[in-house]
Amino acid sequence: QKVALEGCINDSDTFISLLTEEFGYAITDIRQLRDDHPQGMPTKKNIAAALRWLVKGASAGDHLFFHYSGHGSQQRDTDGDEMDGKDETIVPCDYQHNGMLSDDDLRNILVVGLPEGVRLTVILDCCHSGTALDLPYKVRVAEGGLVDVKKKLPHQMKVVSPADVVMLSGCKDTQTSADAGVGLAGNTQPAGAMTT
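Residues numbered from 1 in each chain as written. Predicted model: local features only at pLDDT ≥ 70, side-chain atom pairs only at ≥ 80, totals over all residues. Heavy atoms only, no water.

Participant: Is there a simple way to think about the sheet that holds strand S8 (residues 164-169) in this case?
Facilitator: One key point about sheets: their strands pair by backbone hydrogen bonds, in either a parallel or an antiparallel sense. Spatially, S1-S5-S8 is the arrangement adopted by the three strands of the open sheet, whose pairing is parallel. Looking at which strands have only one partner, the edges of the open sheet turn out to be strand S1 (63-69) and S8. Between one strand axis and the next, the sheet turns by 10° as a mean value, whatever way the strands run. Bridge count between S1 and strand S5 (residues 119-125): seven bridges; the pairing is parallel. When the bridges of S5 are listed, Leu 64 appears paired with Leu 120. Strands in contact with helix H1 (residues 8-22) are S1 and S5; relative to S1, the strand with the most contacts, it is inclined by about 160°. (Pairing = 2+ DSSP bridges. Helix = DSSP H or I, 4+ residues; strand = E, 2+ residues; numbered from the N terminus. Axes fitted to C-alpha atoms, helices over the stretch in contact; angles between N-to-C directions. Contact = heavy atoms within 4.5 Å.)

Participant: Could you clarify how one ought to interpret H1 in this entry?
Facilitator: Two residues of an α-helix separated by three or four positions point the same way, owing to the 3.6 residues in each turn. For H1, with 15 residues, the first-to-last C-alpha span of 21 Å sits near the 21 Å given by 1.5 Å per residue. Considered for burial, the residues of H1 that qualify are Cys 8, Asn 10, Asp 11, Ser 12, Phe 15, Ile 16 and Leu 19. Phi for Gly 24, located one or two positions after H1, is positive at around 75°. (Expected span 1.5 Å × (residues − 1). Buried < 20%, exposed > 50% of the residue type's maximum accessible area, 1.4 Å probe, protein only.)

Shown next, in the form of structure tokens:
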């Protein structure tokens, strides 16, 4: 398959191990979609359902975690909230028939309804993911450790969630990502460049 990535499943397994072994998450509290499990394929419908499951009933003190390793892309912005005219997207395995999940979709499902006191951490190891949740602040760490913080202008901000939401992305909106082959960063299996 022309668009196949080698490291996504390994990345997902790595994060499940990290969450369960280092941070005490129960395996029963984790949902994993992967394209080698017919009953858990990362279709648009299944991804959206898993994201809704993640945030359903969230309350103060909960720490939610979403990791995505796969294809990211862009599509035409339809609601005028993107300065570059493009929405960032994640690409489900059935995107050719059912479309992609846009940053607007991700924000509406994951962020908008979260109550105060909930922490959501999102890691996106995919192309074009820099502002994939359309959060009000954008932080970039430059060489030498210099930190650049930008806040959106009031007319650019959507509804601000009272929850504590942090997103780490592997790329700027204008960049592409890649698999890291075996041995590239000491890894013994293919992995996403960010996750490695």
